[in-house]
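Below are the chains, spelled out letter by letter.
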Amino acid sequence: MNRNDRIYADCAATTPMSERALRVYLDTAENAWGNPSSLHRTGQAAAMVLDRARRQVAEALGASPQEILFTSGGSESDNQALWTGAMAGKAAGKMHIVSTAIEHHAVLHTLDRLESMGFSVTRLLPDAEGIISPEKVAEAIRSDTALVSVMMANNEIGSIEPVAEIGAVCRRAGVLFHTDAVQAAGHLPIDVRRQNLDLVSLSGHKFHGPKGVGALAVRQGTEAFSLILGGGQERGHRAGTENVPGIAAMAEALTESCEEMPRDAARVSAMRDELIRRLLAIPHTRLNGSADRRLPGNVNVSFEGVQGESLLLLLDGMGIAASAGSACSAGSLDPSHVLQAIGLSGRLASGAIRFTLDRDNRDTDPGEIAEAAAQAATRLRGMSPLWKDMESGAVPHEI
Ligand SMILES: *Cc1c(COP(=O)(O)O)cnc(C)c1O
């Protein structure tokens, strides 16, 4: 929906609500506006909407409804998951956490906070394709390890982590395992039992639900640590009157994405592969991340002699929305921690651009994006002193 003549290729940043989710959102806001904690029928109507949403989210994850907590989004879910693992560990005298250098900042900054409070943190490096090895996780686990946190799929380079194997390692060691599944949910199958996941973070707006709403799956037997204190909502684990329309719409969007997943995954992967092929046909470009263990819609390419931000702005002017792979977050010019972790030089990291496609994209989008990117890159290279030095041989090409 919301199609116009622009091409939106920034689905990892956010997605518009689907028509189905929007209908549920409006219907719930209009007709189930009661407070779910109220005992009267107006309140109970809203409580029933919440129950249904909880069953939908549970079903999408292979969890049971009592294992689903609703939150304000992926960031809150990540924070709550890490605090849950850390506080459970602390009570048992375990103060060590294993995670990775390529997590989202919602995880990385929470790890920094926990470290400043006395926890010790091991941040594993991925291989050159962005993959975290289960063997490295096993080696990093100590007798005082409270929690392992490894994302299911990376938001910048789309690498899909072997979370089922890592989950099995954690299960054998008796250590809690959290995965940030924000980029995976609705795009890859998730099964908390089969994949040995104890804590799973989701965010509504990454799969055509609303912004400001998410979920955390917490395996039965693990007591979620409350970040927000107050009323007894979410069985005492997350206070505050629930965002009923947002939760209902997120659940509907997740159900819809899971229903469409088999068809979408094939079509979106084909568009991704076509876009990668066409971009790599531009001289002196490289693919960042893995060629095969990759989210269906993720393309991340470095252009030598080009600044990702400049390319992004030129493309925006040509009607294409993408993301500069070099920035940690919009507006920041620090090189991406993910691209650094996979060993890219500062120069190649700053020449990275990310295109993220999904089911709303048209089959003609990859061709149009690649053509525009080629034109924009040629223009930028023409203005770059570094590129001139590379072309004259004064500075060697890296790719
Ligand atoms: C977007 C994102 C988040 C944050 O989710 P919000 O709902 O925007 O807070 C966390 N982790 C990953 C991997 C993400 O892509």
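One can find the structure itself at the top, above this paragraph.
Calculation criteria
- Residues numbered from 1 in each chain as written.
- Predicted model: local features only at pLDDT ≥ 70, side-chain atom pairs only at ≥ 80, totals over all residues.
- Heavy atoms only, no water.
- Salt bridge = Lys/Arg side-chain N within 4 Å of Asp/Glu carboxyl O.
- Helix = DSSP H or I, 4+ residues; strand = E, 2+ residues; numbered from the N terminus.
- Buried < 20%, exposed > 50% of the residue type's maximum accessible area, 1.4 Å probe, protein only.
- Near = heavy atom within 4 Å.
- Polar contact = N/O pair within 3.5 Å; in protein donor to acceptor, adjacent residues only side chain to side chain.
- Nonpolar A, V, L, I, M, F, W, Y, C, P; charged D, E, K, R; others polar.
- Pairing = 2+ DSSP bridges.
- Contact = heavy atoms within 4.5 Å.
- Axes fitted to C-alpha atoms, helices over the stretch in contact; angles between N-to-C directions.
- Patch = residues over 30% accessible without salt bridge, like charges linked within 9 Å, V, L, I, M, F, W, Y side chains within 5 Å.
- Areas by Shrake-Rupley, 256 points an atom, 1.4 Å probe, with all protein chains shown as cover.
- Core = buried A, V, L, I, M, F, W, Y, C linked by side-chain atoms within 4.5 Å.
- Disulfide = S-S within 2.5 Å.
- Phe/Tyr/Trp six-rings, centres within 6.5 Å; stacked < 30°, edge-to-face > 60°.
- Lys NZ or Arg CZ within 6 Å of the ring centre and 35° of its normal.

1. Overview of the pattern of salt bridges
So, step 1. Inspection of the entire model under this criterion finds 20 salt bridges.
So, step 2. Where R193 meets E67, a salt bridge forms, and the shortest distance between an N and an O atom there is 2.8 Å. Residue R193 is found in the loop between β6 (176-180) and β7 (199-203), and its partner E67 is found in the loop between α2 (41-61) and β2 (68-71); the two are separated by 126 residues along the sequence.
So, step 3. Residue class for E67 comes out buried when judged on its relative accessible area of 3%.
So, step 4. Of the charged contacts, one joins R123 and D112 as a salt bridge, the two residues approaching to 3.0 Å between their closest N and O atoms. Taken together, the positions of R123 in strand β4 (residues 120-124) and D112 in helix α4 (residues 105-116) put the pair 11 residues apart, joining distant regions of the chain.
So, step 5. A network of salt bridges, in which partner residues are shared, links R20, R52, E252 and E259.

2. Overview of the site of the ligand
So, step 1. In the vicinity of the ligand there are 13 residues, among which S75, D180, Q183, S203 and K206 approach most closely.
So, step 2. Between the ligand and H205, the relevant distance is 2.9 Å, taken from an oxygen atom to a side-chain nitrogen or oxygen of the residue.
So, step 3. Considering each element in turn, the shell around the ligand owes the most residues, three residues, to helix α3 (residues 74-91).
So, step 4. Class assignment for the residues of the shell around the ligand results in two nonpolar, eight polar and three charged.

3. A word on the sheet that holds strand β13 (residues 352-356)
So, step 1. Strand order across the open sheet formed by four strands is β9-β10-β13-β12, with antiparallel pairing between neighbours. Strands with a single pairing partner mark the edges of an open sheet, and in this sheet they are β9 (285-287) and β12 (323-324).
So, step 2. Pairing of β9 with strand β10 (residues 298-303) involves three bridges; the strand directions are antiparallel. Within β10, the position partnered with T285 by the bridge is F303.
So, step 3. Running over the sheet, helix α7 (residues 244-280) touches β9, β10 and β13 and is turned about 5 degrees from β10.
So, step 4. Across the face of the sheet, helix α8 (residues 308-317) comes into contact with β10, β12 and β13 while running at roughly 45 degrees to β13.

4. Let's talk about a nonpolar patch on the surface
So, step 1. A surface patch of nonpolar side chains, about 210 Å² in accessible area, is lined by F225, L227 and I228.
So, step 2. Position of F225 relative to the elements: it lies in the loop between β8 (214-218) and α7.
So, step 3. In this structure F225 comes out as partly exposed when scored by relative accessible area, which is 31%.

5. As for unusual backbone geometry
Glycine aside, a negative phi is what most residues show, and trans is what most peptide bonds show.
So, step 1. One non-glycine residue, E234, adopts positive backbone phi at about 50 degrees.
So, step 2. Its location among the elements puts E234 in the loop between β8 and α7.
So, step 3. A positive phi angle, close to 55 degrees, is found at H284, a residue other than glycine.
So, step 4. Among the structural elements, H284 can be located in the loop between α7 and β9.

6. So, the sheet that holds strand β3 (residues 96-100)
So, step 1. Here seven strands make up an open sheet; going across it, the order is β2-β8-β7-β6-β5-β3-β4 and the pairing mixed. The strands lining the two open edges of the sheet, one partner per strand, are β2 and β4. Going across the sheet, the axis of each strand differs from the next one's by a mean of 20 degrees, ignoring polarity.
So, step 2. Relative to β4, β3 is paired through five bridges, and the arrangement is parallel. Within the sheet, the bridge partner assigned to I97 lies in β4 and is V121.
So, step 3. Of the strands in this sheet, β2, β3, β5 (145-149), β6, β7 and β8 are in contact with α3, which crosses β7 at around 165 degrees.

7. Description of the nonpolar core
So, step 1. Judged by nonpolar contacts, the single largest core of 62 residues is most densely connected at V57, L61, I68, F70, V148 and L202.
So, step 2. Setting aside anything within four residues of it in sequence, one finds I68 in contact with R54, V57, A58, L61, A63, A215, L216, A217 and E234.
So, step 3. Counting residues in hydrophobic clusters, the runner-up holds 28 residues, among them V268, L275, L357 and A377.

8. Considering the state of the cysteines
So, step 1. In total, this model carries zero disulfides according to the counting rule given.
So, step 2. With no disulfide partner, C11 has as its closest neighbouring cysteine sulfur the one in C258, 17 Å distant.

9. Comments concerning the packing of aromatic side chains
So, step 1. Counted under the stated rule, the structure contains one aromatic pair.
So, step 2. An angle of 20 degrees between the planes, with centres 5.9 Å apart, marks the rings of W83 and F225 as stacked. Here W83, found in helix α3, pairs with F225, found in the loop between β8 and α7; they are 142 residues apart in sequence, far enough to count as distant.
So, step 3. We classify W83 as buried; its relative accessible area is 13%.
So, step 4. One cation-aromatic arrangement involves R381 over W387; the distance from NZ or CZ to the ring centre is 4.1 Å.

Remember, this is a structural readout, not a statement about activity or role.
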